[in-house]
Structure formats: C-alpha cells, structure tokens
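Structure assessment
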Amino acid sequence: MELNQNTEKLDNYRKRAAELVGKMTLEEKVAQTLYQAPAVERLNIKAYNWWNEALHGVARAGTATVFPQAIGLAATFDEDLLEQVGDAVSTEARAKFNMQQEGKDTDIYKGLTFWAPNVNIFRDPRWGRGHETFGEDPYLTSRLGVRYIEGLQGHDENYLKAAACAKHFAVHSGPEAVRHEFDAEVTEQDLRETYLPAFEACVKEGKVEAVMGAYNRTNGVPCCGNKRLLIDILRKEWGFSGHVTSDCWAIRDFHEGHHVTGTAIESVAMAMNNGCDLNCGTLFGFLVQAVRQGLVKEERLDEAVTNLFMARMKLGVFDKKEENPYDKIPYLAADSREMKKLNEAVARRTVVLLKNKEHILPLDKNKIKTVGVIGPNADSRRALVGNYEGTASRYITVLEGIEDYVGDDVRVLYSEGCHLYKDRTSNLAQENDRMSEVLGVCKESDVVVAVLGLDAGIEGEEGDAGNEYGSGDKPDLNLPGLQEEILEAAVSCGKPVILVLLSGSALAVNWADEHVDAIVQGWYPGARGGAAIADILFGEANPEGKLPVTFYRTTEELPDFEDYSMQGRTYRYMEQEALYPFGYGLSYTEYAYQNVRFLEQEPVVSEGVTIGLSVKNTGKMDGTETVQVYVKAEHSKMPHGQLKKIVKLPLCAGEEKEINIRLESEAFMLYDENGEKILPSGHFEIFVGGMQPDSRSEKLTGKTVESLML
C-alpha cells in the first residue's frame with residue numbers, strides 16, 4: 001500500500017501536524033508559509049527551505065546525475081523509463097539530503113520538496129520553457145508526468161521518498177516576456193481537453209504532494225489566487241490533499257502586474273483565501289497584518305500550515321532516523337557508476353532519427369578514415385544540459401563522444417564553425433570568421449557531422465542570466481546566427497553530411513530536410529549525451545525516439561503566440577502538413593503490423609474495446625517499436641485523432657510478438673463546448689501503428705497505419 005492511499009496514516013499525519021500548529025504563535029505560523037521557513041527551536045522544528053528543483057536530475061545543489069532534459073525524456077514515449085529516472089533522481093536526492101543534514105545545511109536547493117515535473121502543454125514552439133515539458137499532447141504528458149512523480153515519491157507505505165510538484169497550474173505556456181501581467185483566456189472546452197488533463201492525472205493517479213500555481217491570470221484571475229482552479233477544481237473536484245505553492249514572487253504580481261489588488265496585504269489575502277499555502281517569495285510575511293485586520297481568518301492560516309507540516313511529516317523529517325528507510329541511502333549512491341550507465345542508456349533512447357537517406361546511418365568506422373565535426377554545439381556543454389540542471393562530474397560533448405568512440409582508428413577534425421547566434425566567434429574578428437576552417441575540415445573529411453541548434457541561453461525562462469535573445473522565447477523557428485550558412489557550406493563540399501540538432505524545441509530545418517543526408521534530433525541529451533549520440537551514429541544503439549512535438553515549417557503558419565485557443569495548434573488541431581509530425585521517428589530496422597483486430601465479437605465503445613495485433617521486426621537489427629494508438633471520433637471538431645495508448649515493444653531482429661491493447665471507454669470520450677465530458681454519437685476510427693495517421697508521416701516512412709472502425 002502506498003503512503004498516499006493509506007488513509008489512516010494520512011489522518012495520523014494531519015492530527016500530528018494540527019497539534020503542532022496549535023502550539024505556535026501567529027508570527028511563527030506565518031513564517032512557516034514562506035519558502036525559507038525558519039526554525040522554531042522551542043518546538044524542535046528545524047529550519048527548512050522548500051525550494052528545490054529536479055526537472056531532470058537533482059539541480060543546483062552540487063554534483064548529481066544530469067539526465068536528458070524533460071522534452072528528451074518525453075521522446076522516449078516510455079512511462080516505465082520515466083518512473084525509473086524519477087526513482088534514480090530521488091535516490092540521489094536522499095543521498096545528498098542525508099549528507100547535507102549531517103552538515104546542518106538547510107540552504108536553498110537542499111530540501112526534499114522538488115518543484116517538478118512541469119506538465120504544462122507545449123502548445124507553441126516559440127515558448128522558451130517548452131523544453132521543460134513532456135511535449136504538446138495531453139495524454140503523453142499525463143502518462144509521463146504520473147510515472148515521473150511515482151518515481152520521485154516512491155512506494156513506501158509510510159513515507160515519501162521525495163515530494164513532487166505538478167506545475168504550473170494552469171493554462172501556462174508563454175509568452176515569457178509578459179507572464180507577470182498576462183491573461184490566458186481559454187474556452188471551457190480547451191481548458192478541460194488540453195490544459196487540465198495532465199494535472200488531473202498527476203493529482204488523482206500520481207497522488208502528487210504539491211501543485212504550483214502559474215504566474216499568469218487564467219480568464220482574468222491570477223492563478224496563485226484563483227478560487228476556481230485551486231479550490232473548486234483542485235481540492236473539491238479532484239480531491240487534492242497536498243499543499244499548494246505559488247510560483248516565485250508570483251503573488252507580488254497581483255498588484256504590480258495584474259493590478260487586481262491594490263496592496264501587498266490585499267495580494268497575500270487573495271492568495272491565502274483562495275487556496276495557496278506556501279509563498280515562494282517573501283510577501284506572505286504580510287499575513288500577520290492580514291489576519292489582524294480580519295482579511296484572512298486564522299483558521300485558514302492554520303489549515304495552510306498544517307498542510308505544510310504534513311508534507312514534512314510524510315517525508316519523515318520529524319521522525320527518528322531508524323524509522324525512515326530512505327535515511328539509510330548513502331552519499332555514495334549519488335553520481336555512481338550505475339547512475340552514469342543509466343544516464344547514457346536513457347540518453348540513447350531519447351534520440352529521434354528524422355531523416356536517413358539511402359541508409360547512410362549507421363556509420364561504419366572501419367570504412368572511414370576522417371570524420372569532420374563542425375558546429376557551435378559540437379563541443380558545447382551548455383547544449384547538453386538544458387535548464388534547471390545539476391552539475392555533472394563529467395560531461396561528454398558530441399565531439400568528445402565521437403572521438404572516444406572512434407579512438408585512434410579514425411582522424412577527427414573539428415571546427416566550431418560559428419557562434420551559436422552571433423555573427424563571429426571572436427569579438428575582434430570579422431564576420432563569419434570560421435568559414436574557411438569549416439571548408440577546410442569538410443574537404444578533408446570522408447563524412448561530416450554538423451552539430452547545430454540552440455541551448456538554454458536562447459530558449460529558456462524569462463530573466464535567465466545570459467539570455468540575450470528576447471525574454472526566453474524564440475523569435476522564430478530558424479537556426480540562429482550563421483548556422484544555416486555553415487551547413488550549406490558543408491553540403492557544398494560534396495561530402496555526406498549528417499545534421500545533429502541539439503535543441504529543446506522544434507526547428508524549421510526545411511533546407512536541411514531537402515539537402516543533407518541524415519538528420520538526428522538529440523534534444524539536450526544530458527551530461528553524457530555525446531556518448532549516447534555517438535552510439536546512435538555508429539550503430540551501437542538503434543534510435544527509437546518519437547517526436548513529442550510537431551516540427552512546423554514556418555512561424556507564419558502558427559496562430560498568434562498570445563492566443564490560447566487550440567485551433568490550428570499541435571497535431572490534434574493543425575490543418576497544414578508538418579515538416580516532421582508528432583509521433584514520428586525512424587529506426588535502423590523495419591517493423592510490420594499484422595492481424596489488427598477487435599478481440600470482442602461485438603465491440604461496444606461504452607464498454608471499452610480490446611485490440612489484438614502482431615508486430616514483427618523485419619530488419620537485421622534489434623530495436624524497440626513504439627506502438628501508438630489514436631482515436632478519431634466522427635463528430636469531433638478535431639481534424640485529427642488523439643493519442644490514447646502507447647506500448648513500447650522490444651523486438652530482436654526477425655522476432656514477432658502478439659500483443660493486446662485495451663482501450664477503456666474513457667479513450668473515446670470528448671469534452672463539449674461547456675467543458676462536459678461526453679461519449680459522442682457516431683462512428684470512431686482507431687489507428688494502430690508506429691506513427692501518427694497523417695499524410696506527412698506516410699510520405700516520410702512509406703508506410704500506412706492500420707485502422708479499425710467502430
């Protein structure tokens with residue numbers, strides 16, 4: 001039995017927490033609602049800092065495993081793997097926490113309350129923080145979010161291994177530049193169909209301990225003081241029993257950005273009265289005055305502080321060490337050999353093969369004498385790690401990964417090629433100061449690997465240090481700076497060119513799609529990502545990643561960035577043909593689907609259906625197929641089907657497996673214009689295959705997807 005399902009244990013924690021709160025003064029209670037909660041020595045309460053990060057590894061607290069960025073993890077389409085990564089992260093979290101506690105270190109990023117995962121929907125490829133998410137699809141985001149939470153929080157019946165937090169609640173995905181004043185206006189249908197499902201799954205299935213409110217307003221009301229979101233939906237409708245935290249300094253925005261309140265005291269009253277328990281910031285200090293002025297009832301403050309102490313009790317920090325199994329995790333569990341091995345294995349599974357003309361990949365190092373490696377991301381550590389990252393004990397860039405793999409057998413020539421986004425690599429040089437070197441490297445090489453893309457200095461959170469490119473969001477989908485020029489120069493040399501993209505979002509690489517020989521999407525692959533990408537390039541591993549986002553051709557075909565309507569957005573609603581579709585990704589082998597059928601004699605949608613099929617690896621290399629099931633309702637306004645099931649299927653070369661896939665009635669339900677979930681009338685079409693059922697995927701793969709009618 002898991003802790004979050006153990007009602008008796010939870011009741012005991014609530015009773016203990018309430019008793020503790022009952023002994024505290026007003027000032028002591030208010031101080032506990034701040035993220036830097038001070039010690040209360042007379043009650044044996046230690047200081048605790050609630051702010052910690054674990055988006056893809058323990059972040060900002062010294063050495064830890066830096067796993068691939070969240071968007072890369074999403075490309076695995078593998079919920080079991082996400083739980084395995086979450087479990088590894090919480091193991092390191094406990095190892096580091098136990099060490100820090102011994103040193104009486106209670107600083108920021110030293111607690112067990114992690115503000116991850118980010119389950120916002122990546123609705124627009126320009127959004128700078130999209131790489132923190134699990135992509136554009138509510139179903140995929142839900143499944144991966146739930147399992148990452150379960151990995152972080154563990155399965156002990158008495159204690160949480162760590163506390164996860166689903167953020168940013170809700171309807172939040174840019175623009176970054178105006179997030180402190182922006183109102184995300186959304187219909188009830190889009191709210192329920194797109195923006196809330198992942199949060200609902202995290203609460204109901206994942207039993208997530210915390211939920212973080214967003215900076216923006218949703219339909220006119222700031223999210224961190226939004227009664228409908230935090231009380232009516234989260235607490236009452238979904239039965240959430242954990243704690244709610246504000247985003248950092250978001251409550252200040254009530255009066256400074258959104259102008260829905262006039263003073264700091266009014267802002268803290270609005271947040272506290274409408275369900276926010278913890279303030280990442282300092283404004284909740286005004287709660288003393290708010291309570292004394294009658295703006296906040298002390299009973300509500302007591303409820304909030306009780307929620308917070310419950311979280312700490314679930315983590316076992318008030319109990320004796322021998323009572324908590326996680327206190328036994330040694331510091332040596334962090335950054336271990338096993339963690340490094342797992343990190344590399346995970347990174348290999350995130351890579352998506354977008355193009356492979358005439359099967360140029362995998363490369364055979366025995367047939368190559370010289371490899372040219374060019375591009376600003378080839379030897380960039382920053383392009384490995386994304387944002388909200390930890391510090392690795394070793395980084396392996398793509399250049400280093402290739403050098404390590406080929407050893408002394410193959411000569412590796414390298415040129416940075418150009419700056420990531422400026423017009424020269426040296427401030428004193430003339431524009432395009434590495435072009436001659438690029439041409440020299442390419443002419444002397446048998447094959448060229450161009451490593452281009454972005455890093456978190458270009459796409460990221462508003463206010464990130466070093467972000468010169470416009471408050472975190474991308475202005476367009478193009479390769480920045482001179483990158484396109486050096487790619488064209490490489491191709492002009494007549495040698496085979498393989499493009500490796502390191503980015504956290506879609507790029508419009510239309511020219512590359514037409515002219516280069518192979519394209520690999522490597523995301524931000526983690527500290528050891530260069531080794532993983534080398535393994536893919538040279539065939540030590542078979543790419544299995546699928547795109548968790550649509551790659552569009554231009555920004556011109558996108559709706560306005562500030563428009564939160566889903567019409568025209570993502571694979572579910574777009575009318576035009578994608579450059580590379582959601583769910584797409586090639587392999588070094590081929591998979592054949594046969595005998596797709598209903599197992600029920602008379603399948604009925606309202607009772608759910610079971611699909612039987614066989615999948616065979618018809619190629620010469622072992623691999624893992626990502627079986628995707630999409631459902632399209634005849635009477636839906638959505639032009640395309642929606643992803644409703646994923647099965648990861650490892651198959652040896654020549655191997656065939658028979659599998660059954662269950663679709664419950666929930667998979668066929670839709671939300672109407674009033675936000676009510678309904679089972680629509682009419683027929684349904686179910687698609688089963690290794691990709692989305694769209695014309696572009698068919699053109700790229702030369703395959704069609706099997707379908708069934710109901």
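Residues numbered from 1 in each chain as written. Predicted model: local features only at pLDDT ≥ 70, side-chain atom pairs only at ≥ 80, totals over all residues. Heavy atoms only, no water.

To keep it simple, the criterion reads: UniProt positions are given in the numbering used here, feature names are shortened, and annotations may be inferred rather than shown by experiment.
By the naming in an unreviewed UniProt entry, the protein chain goes by Glycosyl hydrolase family 3 C-terminal domain protein and is assigned to Roseburia intestinalis L1-82. UniProt's Sequence similarities (unreviewed entry) comment on the protein chain is quoted here verbatim: "Belongs to the glycosyl hydrolase 3 family."

Examining helix H16 (residues 435-443)
Basically, it comes down to this: For every residue, the accessible area (1.4 Å probe, protein chains only) is compared with the maximum for its type, and the residue is labelled buried under 20%, exposed over 50%, or partly exposed between those bounds. Per the convention used, a helix needs a DSSP run of H or I reaching at least four residues, while a strand needs a run of E reaching at least two, with both numbered from the N terminus. Summarising the geometry, the arc corresponds to the directions from the helix axis toward the C-beta atoms.
Within the sequence span of H16, burial applies to Met435, Val438, Val441 and Cys442. Axial view of H16: buried residues confined to an arc of 125 degrees, hence all on one face. Away from its buried face by more than 90 degrees, H16 exposes Ser436 and Lys443.

Brief notes about the pattern of salt bridges
To keep it simple, the criterion reads: Salt bridges, as used here, are contacts in which a Lys or Arg side-chain nitrogen is within 4 Å of a carboxyl oxygen on Asp or Glu.
Going through the model one piece at a time under the given rule, you end up with 49 salt bridges. A salt bridge links Lys167 to Glu53; the nearest nitrogen and oxygen atoms lie 3.5 Å apart. Of the two residues, Lys167 is situated in strand E3 (residues 165-169) and Glu53 in the loop between strand E2 (48-49) and helix H3 (70-75); the sequence distance between them amounts to 114 residues. A residue is classified by how much of its surface remains accessible, and Glu53, at 3% relative accessible area, is buried. Residues joined by salt bridges that share partners form a network here, namely Glu79, Asp80, Glu83, Arg143, Arg147, Glu150 and Glu205.

As for the UniProt feature "domain: Fibronectin type III-like" (unreviewed entry) in the protein chain
This chain's UniProt record puts "domain: Fibronectin type III-like" (unreviewed entry) on residues 625-692. As annotated, residues 625-692 has a helix share of 0% and a strand share of 54%, and its two end C-alpha atoms lie 13 Å apart.

Observations regarding the nonpolar core
Heads up, the rule is: By convention a nonpolar core is built from buried Ala, Val, Leu, Ile, Met, Phe, Trp, Tyr and Cys residues, the set being connected through side-chain atoms within 4.5 Å. What makes two residues a contact is simply this: any of their non-hydrogen atoms within 4.5 Å.
Phe169, Phe668 and Ile686 are the most contacted members of the largest nonpolar core, which totals 93 residues. When sequence neighbours within four positions are dropped, the list of residues in contact with Phe668 reads Val605, Val609, Val631, Leu663, Leu679, Pro680, Phe684, Ile686 and Leu710. Grouped together as the second largest cluster of nonpolar side chains are 76 residues, Trp127, Phe538, Phe561 and Tyr588 included.

Some details on the sheet that holds strand E16 (residues 609-617)
To keep it simple, the criterion reads: The rule for pairing is simple: two strands pair if DSSP sees at least two bridges between them. Under this scheme, a helix contributes an axis fitted over its contacting stretch, all axes are lines through C-alpha atoms, and angles between N-to-C directions fall in the 0 to 180 degree range.
Taken in spatial order, the three strands of this open sheet run E15-E16-E19, and their pairing is antiparallel. Each of the sheet's edge strands pairs with one partner strand only, and the pair in question is strand E15 (591-598) and strand E19 (656-663). Between one strand axis and the next, the sheet turns by 20 degrees as a mean value, whatever way the strands run. With eight bridges joining them, E16 and E19 adopt antiparallel strand pairing. Directly across from Lys616, in E19, lies its bridge partner Glu656.

What to know about the domain arrangement of the protein chain
The following threshold applies: Annotation comment: domain bounds sourced from an automatic or database domain assignment. Buried area is calculated as the accessible area (1.4 Å probe) missing from two parts once they are joined, with the contributions of both summed. Throughout this description, a polar contact denotes any pair of N or O atoms lying within 3.5 Å of each other; where both atoms belong to protein, one of them has to be capable of donating a hydrogen while the other can accept it, and for residues adjacent in sequence the pair is counted only when both atoms sit in side chains. All amino acids are sorted into three groups, where Ala, Val, Leu, Ile, Met, Phe, Trp, Tyr, Cys and Pro are nonpolar, Asp, Glu, Lys and Arg are charged, and the leftover types, Gly among them, are polar.
Structurally, the protein chain comprises domain 1 (1-331), domain 2 (339-536) and domain 3 (589-707). Computed over C-alpha atoms only, the centres of domain 1 and domain 2 are separated by 35 Å. Each partner contributes residues to the interface: domain 1 has 40 residues there, and domain 2 has 35 residues. Together, the buried faces of domain 1 and domain 2 total about 3100 Å²; carbon and sulfur atoms form 61% of this surface. For the interface between domain 1 and domain 2, the tally reads four salt bridges. At the boundary of domain 1 and domain 2, one finds 23 residue pairs in polar contact (both at pLDDT 80 or more). At the level of secondary structure, the elements contributing two or more residues to the side of domain 1 that touches domain 2 comprise H3 and helix H4 (79-102). Considering each element in turn, the side of domain 1 that touches domain 2 owes the most residues, six residues, to H4. Residue composition of the side of domain 1 that touches domain 2, grouped by class: 18 nonpolar, 13 polar and nine charged.

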